[in-house]
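Here is what each chain is made of, one letter per residue.
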Amino acid sequence: MRVLSRNRQYPASPVTPPKLANEILDHPPIEIWQDKDARFLDPFCKSGVLLREITKRLLVGLGKQIPNQQKRINHIMQNQIFGLAITELTALISRRSVY
């Protein structure tokens, strides 16, 4: 997973609650979680909740295509999920949440 950050000071902004993240992620077709070429970007990472929930769905959806769990995790982290954070702190929190 790559999370880029800029060291700027911004006012605190709300994070996406897990329940809302999952409601949002229920809308795309279910097949998207089985697509090993799909890429996901959270352009405003704060807590990493959205990326974490995407990762959970991909771990299940790609189970048949990439049976080895560690290889599946590596594939998802290196090729499928990306995030942008406005501060180094939110980038670190996002990474920690996903890993």
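Everything below is about the structure shown above.
Residues numbered from 1 in each chain as written. Predicted model: local features only at pLDDT ≥ 70, side-chain atom pairs only at ≥ 80, totals over all residues. Heavy atoms only, no water.

Let's talk about the overall build of the protein chain
Secondary structure summary: the protein chain contains four helices and three strands in total. Element order for the protein chain, N to C, with α for helix and β for strand: β-α-β-α-α-β-α. Counting the 99 residues in the protein chain, one finds 35% classified as buried. For the protein chain, restricting intrachain contacts to residue pairs at least 6 apart in sequence, the fraction spanning at least 24 positions comes to 78%. Of the roughly 6,600 Å² of accessible surface on the protein chain, a fraction of 57% belongs to carbon and sulfur atoms. (Helix = DSSP H or I, 4+ residues; strand = E, 2+ residues; numbered from the N terminus. Buried < 20%, exposed > 50% of the residue type's maximum accessible area, 1.4 Å probe, protein only. Contact = heavy atoms within 4.5 Å. Areas by Shrake-Rupley, 256 points an atom, 1.4 Å probe, with all protein chains shown as cover.)

Re the pattern of salt bridges
Counted under the stated rule, the structure contains three salt bridges. In this structure, arginine 57 and aspartate 26 form a salt bridge, with 2.8 Å as the shortest nitrogen-oxygen distance. Taken together, the residues arginine 57 in helix H2 (residues 49-61) and aspartate 26 in the loop between helix H1 (18-25) and strand E2 (40-45) connect sequence positions 31 residues apart. A single network of salt bridges, built from pairs that share partners, joins Arg52, Glu53 and Lys56. (Salt bridge = Lys/Arg side-chain N within 4 Å of Asp/Glu carboxyl O.)

Examining the packing of aromatic side chains
Summed over all chains, the structure comprises one aromatic pair. For the ring pair tryptophan 33 and phenylalanine 40, a centre distance of 5.3 Å and an interplane angle of 15° mean the geometry is stacked. For the pair tryptophan 33 and phenylalanine 40, a shared accessibility class is recorded, and that class is buried. (Phe/Tyr/Trp six-rings, centres within 6.5 Å; stacked < 30°, edge-to-face > 60°.)

A look at the packing of H2 against helix H3 (residues 69-79)
Their axes nearest at 10 Å, the elements H2 and H3 cross at an angle of 135°. Between H2 and H3, the angle is such that the two are oblique. The way H2 lies across H3 gives a crossing that is right-handed. Facing H2, whose interface residues are Thr55, Leu58 and Leu59, H3 presents Arg72, Ile73, Ile76 and Met77. Looking at side-chain class alone, the contact of H2 with H3 contains five nonpolar, one polar and one charged residues. (Axes fitted to C-alpha atoms, helices over the stretch in contact; angles between N-to-C directions. Parallel < 35°, antiparallel > 145°, perpendicular 65-115°, else oblique. Left-handed = near helix turned anticlockwise from the far one by under 90°. Nonpolar A, V, L, I, M, F, W, Y, C, P; charged D, E, K, R; others polar.)

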